[in-house]
Amino acid sequence: MANEGLKGSAILFSEMTPDGSFEDRFNAWYDTEHIPVRMACPGFRSAQRYRHRDGEGYLAVYEMDDDGVLSRDAYAKVKNNPSEETRWMLDNVSGFTRYLAAETSTHLQSGTDAATALDAPVIHSVWFDVPESDRAEFDDWYQKEHIPILMKSSDWLMVRRFDVRNGVPDTFTNLAIHYLKSEAGLSSPERAEARATEWRARLAERDWFKAKYAVFLRHNDRQIGHG
């Protein structure tokens, strides 16, 4: 599969936190069983793991053809017939999250291709639960002002926006994943500028404007789908 095909039009965003007493076992299971069996399912293009920068948890972002992949028979067979090791892990990890999201836009830094940006060493996830009545203005602000200002920083490689289809444990409507060359981008003048505009200040006055943020550092190599 060509590098350009590693990014799909939907993702599965899944976090788990192992206890330190079985962290090595958890990582071996994730790398040699949990991801590979999914990479054998049609529709899974690739998967990348991350370590939470500010906590003990791990994240996996699965790239899929579309948001219907998880509803198909091949994936159902994998999900509904877990191995004994998988059962044990799912019974013992904490911090579990699982969100299915469909991509609505991709914004690339000038001169950067999507395959390179996809493997950025740092990602910054931003979640919102936006009421339908404010969705159009929120999208306009993010697309027309917020992202263009962030992209003035050379550390910002790519921004992908998603509609959240479903997930647990929280309720969200919108996800943005920011792919960064360096953590320095998060303290850059460009990010400060993007967070200090009048438009953002107006939105921030609304009760729903309470984002959930997290920063993740790339962990191990991307695994490639072969289903």
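Our structure is the block above this text.
Let me begin by describing the structure that accompanies this report.

Conventions and cut-offs
Per chain, the residues get numbers from 1 upward, laid out in the order the sequence is written. Given that the model is predicted, a residue must reach a pLDDT of at least 70 before its local features are reported, and side-chain atom pairs must reach 80 or more before they are shown or counted; all residues, however, enter totals for whole chains, interfaces and linings. As a rule here, side-chain values come from all non-hydrogen atoms in the structure, and water together with hydrogens is ignored. In plain words, nonpolar cores are sets of buried Ala, Val, Leu, Ile, Met, Phe, Trp, Tyr and Cys residues tied together by side-chain atoms within 4.5 Å. Relative accessible area decides the class of each residue, using a 1.4 Å probe on protein chains only: under 20% of the type maximum gives buried, over 50% gives exposed, and in between gives partly exposed. To qualify as a helix, a DSSP run of H or I must reach at least 4 residues; to qualify as a strand, a run of E must reach at least 2; elements of each kind are numbered from the N terminus. Contact criterion: two residues are considered in contact whenever any of their non-hydrogen atoms come within 4.5 Å of each other. Only one rule defines a salt bridge in this text: a Lys or Arg side-chain nitrogen within 4 Å of an Asp or Glu carboxyl oxygen. By the convention used here, strands pair only if DSSP detects at least 2 bridges between them. Only the stretch in contact is used when fitting a helix axis, every axis being a line fitted to C-alpha atoms; angles between N-to-C directions are given from 0 to 180 degrees. In this scheme, the bend at a residue equals the angle between the axes fitted to the seven residues that finish there and the seven that begin there.

Bringing the nonpolar core into the picture now. One finds Ile11, Phe13, Ile123, Leu175, Ile177 and Tyr179 to be the most contacted residues of the largest nonpolar core, which totals 23 residues. Of all the secondary structure elements, the ones that give two or more residues to this core are strand E1 (10-17), strand E3 (58-64), strand E4 (94-108), helix H4 (114-118), strand E5 (122-128), strand E6 (156-168), strand E7 (174-180) and strand E8 (212-224). Examining the composition of this core, we find that four residues originate from one element, E6, more than from any other. Not counting the four nearest positions on each side in its chain, Leu175 is found in contact with Ile11, Phe13, Ser125, Val126, Trp127, Arg160, Arg161, Phe162 and Val164.

This brings us to the pattern of salt bridges. Inspection of every chain in the model, using the stated rule, returns 19 salt bridges. Glu63 is the partner of Arg160 in a salt bridge, and the nearest nitrogen-oxygen pair spans 2.7 Å. Taken together, the positions of Arg160 in strand E6 and Glu63 in strand E3 put the pair 97 residues apart, joining distant regions of the chain. In this structure, Arg160 and Glu63 share a single accessibility class: buried.

Let us now look at the sheet that holds E6. Spatially, eight strands are ordered E1-E3-E2-E8-E5-E7-E6-E4 in a closed barrel, and the strand pairing comes out antiparallel. Each strand of the sheet is rotated relative to its neighbour by a mean of 35 degrees, with strand direction disregarded. Looking at chain direction, E1 and E3 are connected through seven bridges and run antiparallel. Each residue of the ladder has a partner; that of Phe13, found in E3, is Val61. Lying on the sheet, helix H1 (residues 23-39) is in contact with E1, strand E2 (44-52), E3 and E8; it crosses E2 at an angle near 165 degrees.

Residues that lie three or four places apart on an α-helix share one face, since the helix turns once every 3.6 residues. At Tyr142, helix H5 (residues 135-150) is deflected by roughly 35 degrees, the largest bend along its length. Every buried residue of H5 is listed here: Arg135, Phe138, Trp141, Tyr142, Glu145, His146, Ile147, Ile149 and Leu150. Buried residues belonging to H5 abut E4, E5, E6, E7, helix H6 (189-194) and helix H7 (198-204).

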